[in-house]
Amino acid sequence: KNQQQLEQIFLMFDKVTILEVAILNYLSKIRKEKLTEQESIDHQNMMTTTIQQQNMASIIRHDIADILQYFIEHKHKPGETTREIFLDFFHEICATLEENITVIAQYDQRAAEKVINRKAIIKHYEDKILSRKSSHLGSEQENYIKMARMEISLMEKMARIYSLTRNIALLILPSKADGQN
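Let us look at the structure shown here. Just so we're clear, the structure is a prediction, and the values are computed from it rather than from any experiment. (Residues numbered from 1 in each chain as written. Predicted model: local features only at pLDDT ≥ 70, side-chain atom pairs only at ≥ 80, totals over all residues. Heavy atoms only, no water.)

Describing the overall build of the protein chain
Of regular secondary structure, the protein chain possesses seven helices and zero strands. Listed N to C, the secondary structure of the protein chain is α-α-α-α-α-α-α in terms of helices and strands. By element, 53% of the accessible surface of the protein chain is carried by carbon and sulfur atoms, the whole surface being about 11,400 Å². (Helix = DSSP H or I, 4+ residues; strand = E, 2+ residues; numbered from the N terminus. Areas by Shrake-Rupley, 256 points an atom, 1.4 Å probe, with all protein chains shown as cover.)

Quick word on the side chain of Glu126
Assignment of secondary structure puts Glu126 in helix α5 (residues 119–136). Among buried Asp, Glu, Lys and Arg side chains, Glu126 stands out as unpaired, with Lys123 the closest opposite charge at 5.3 Å. (Buried < 20%, exposed > 50% of the residue type's maximum accessible area, 1.4 Å probe, protein only. Lys, Arg positive; Asp, Glu negative; His and termini not counted. Salt bridge = Lys/Arg side-chain N within 4 Å of Asp/Glu carboxyl O.)

What about the side chain of Glu151?
On the secondary structure map, Glu151 appears in helix α6 (residues 142–172). Those residues in contact with Glu151 that sit more than four places away from it in its chain are Phe71, His76, Pro78, Thr82, Phe86 and Lys133. (Contact = heavy atoms within 4.5 Å.)

Quick notes on the packing of aromatic side chains
Within this structure, the stated rule accounts for one aromatic pair. The interplanar angle of 25° and the centroid separation of 5.6 Å between the aromatic rings of Phe89 and Tyr125 together place this pair among those described as stacked. Of this pair, Phe89 sits in helix α3 (residues 80–106) while Tyr125 sits in helix α5; the two residues are 36 residues apart in sequence, bridging distant segments of the chain. A relative accessible area of 12% means that Tyr125 is categorised as buried. (Phe/Tyr/Trp six-rings, centres within 6.5 Å; stacked < 30°, edge-to-face > 60°.)

Focus on the environment of Ile168
Mapping Ile168 onto the fold places it in helix α6. Accessibility expressed as a relative area gives 1% for Ile168, which makes it buried. For Ile168, the residues in contact, after removing those within four places along its chain, are Thr49, Gln52, Gln53, Met56, Asn100, Val103 and Ile104.

A look at the pattern of salt bridges
Scanning the model with the defined rule gives four salt bridges in all. Between Glu80 and Arg83 there is a salt bridge; the shortest N-O distance is 2.9 Å. Here Glu80 pairs with Arg83, and both are found in helix α3, just three residues apart, close to one helical turn. Put simply, Lys123 and Asp127 hold a salt bridge, and the shortest N to O gap is 3.1 Å. Of this pair, Lys123 and Asp127 both sit in helix α5, four residues apart, which is roughly one turn of that helix. Residue Lys123 is classed as partly exposed on the basis of its relative accessible area of 45%.

Remarks on unusual backbone geometry
In this structure, Lys75 takes a positive phi of about 50° despite not being glycine. Structurally, Lys75 is set in the loop between α2 (37–73) and α3. Although it is not a glycine, Tyr107 adopts a positive phi angle of roughly 50°. Relative to the elements of secondary structure, Tyr107 occurs in the loop between α3 and α4 (109–117). For Tyr107, a relative accessible area of 43% gives the class partly exposed.

As structure tokens, this is what we get:
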């Protein structure tokens, strides 16, 4: 929405980065200990989860923030329908991230299933955005094409965040990972 909110995203990213470093240091210390086979698998999953979270944070801090900065600088205001679609998509991504916290914190298989089962919903929003943008191309000015590309890029970054949360959820449900992706 504005520069101040974008600065809050940067600040949150910095805090997450500090936490990630602490987690990785802790996991490195654990790895030096003798682990059972299951503890080794759990450790591997924690490392993978941490890396997935780093990727999500990077997408938010570098990719999405850059796109939002561009929108702010160019005073881009999407149409009402586009704004509503993106807002609904954003809420779906936030719900997935919240569910992912439960997956990680509680190793909760039901929460993992909820994340995995959101795949069709995420695809639905991607299709709506792409359909909306493609139906208006050619009928607008040159600036519209550039903004449409930026909006599509934003959609792709949001979908990538979902993919990363889904990958974490799949660690909890190995049977799903074996054949039902």
